[in-house]
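Chain and residue survey
Single-letter residue listing:
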Amino acid sequence: MILVFGGAYNGKLSFVKEKFNISDEEVLTLNNIDDLEIDFSKKVINKFQNLTYKMSLENQDPLKYILENESLFKDKIIISDDICEGIVPLKKEDRIWRENTGKCLQYLSKNSKEVYRVFCGIPMVIKDE
């Protein structure tokens, strides 16, 4: 597993496509919050934070979902916005989303062989086994 995180619009997907020679057909982008079924046949799961958002709104535990599907995630490149910094959200739902996303990113980073943070289009190696 490989985790790539960073702020919104910082070039995470461009970095992944270039570094790992990924085509558009190999990328699953989780844009439509009403239909966030993961197609595990894709190599890349982009906008992972949208999955944690939907699950948080539905009072589901996204970390539990990852653990239940751990074998399906193990060979994926996961791209997520880092929503865990800055001002604490006012809305309870957003605070729960932030907490759930943070827990998921902690688990994913511990279990990934490589972790990158992309800031302003510049990748930084956080972990490389």
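Residues numbered from 1 in each chain as written. Predicted model: local features only at pLDDT ≥ 70, side-chain atom pairs only at ≥ 80, totals over all residues. Heavy atoms only, no water.

Observations regarding the layout of surface pockets
Space inside the largest pocket adds up to approximately 210 Å³. Every residue along the wall of the largest pocket is listed here: A8, Y9, N10, G11, K12, L13, S14, N46, K47, Q49, I79 and D81. Mapped by element, the contributors of at least two residues to the lining of the largest pocket are helix 1 (12-19) and strand 4 (77-81). Per-element accounting of the lining of the largest pocket gives the leading share, 3 residues, to helix 1. (1 Å grid on protein atoms, 1.4 Å probe; cavity = no way out; pocket = protein on both sides within 12 Å on 5 of 7 lines; lining within 4 Å. Points joined across faces, edges and corners; volume = space filled by probe spheres on them. Helix = DSSP H or I, 4+ residues; strand = E, 2+ residues; numbered from the N terminus.)

Some remarks on the packing of aromatic side chains
In the structure shown here, the tally under the stated rule is 7 aromatic pairs. Summarising the aromatic geometry, the rings of F20 and Y116 are spaced 6.2 Å apart at their centres and angled 70 degrees between planes, so their arrangement reads as edge-to-face. Of the two residues, F20 sits in the loop between helix 1 and strand 2 (27-29) while Y116 sits in strand 5 (residues 114-119), which places them 96 residues apart along the sequence. Overall, F20 belongs to the partly exposed group, its relative accessible area being 22%. Residue Y116 is classed as buried on the basis of its relative accessible area, which comes to 5%. Between F48 and F73 the ring centres are 6.5 Å apart and the planes differ by 85 degrees, which places this aromatic pair in the edge-to-face class. Highlighted residues: F48 in helix 2 (residues 48-57) and F73 in helix 4 (residues 70-73), separated in sequence by 25 residues. Taken individually, F48 and F73 each receive the classification buried, so the pair is uniform in this respect. Three or more aromatic residues link up through ring pairs in this structure, and these residues are F40, F48, Y65 and F73. Against the face of F20 rests K19, its NZ or CZ located 5.9 Å from the ring centre. (Phe/Tyr/Trp six-rings, centres within 6.5 Å; stacked < 30°, edge-to-face > 60°. Buried < 20%, exposed > 50% of the residue type's maximum accessible area, 1.4 Å probe, protein only. Lys NZ or Arg CZ within 6 Å of the ring centre and 35° of its normal.)

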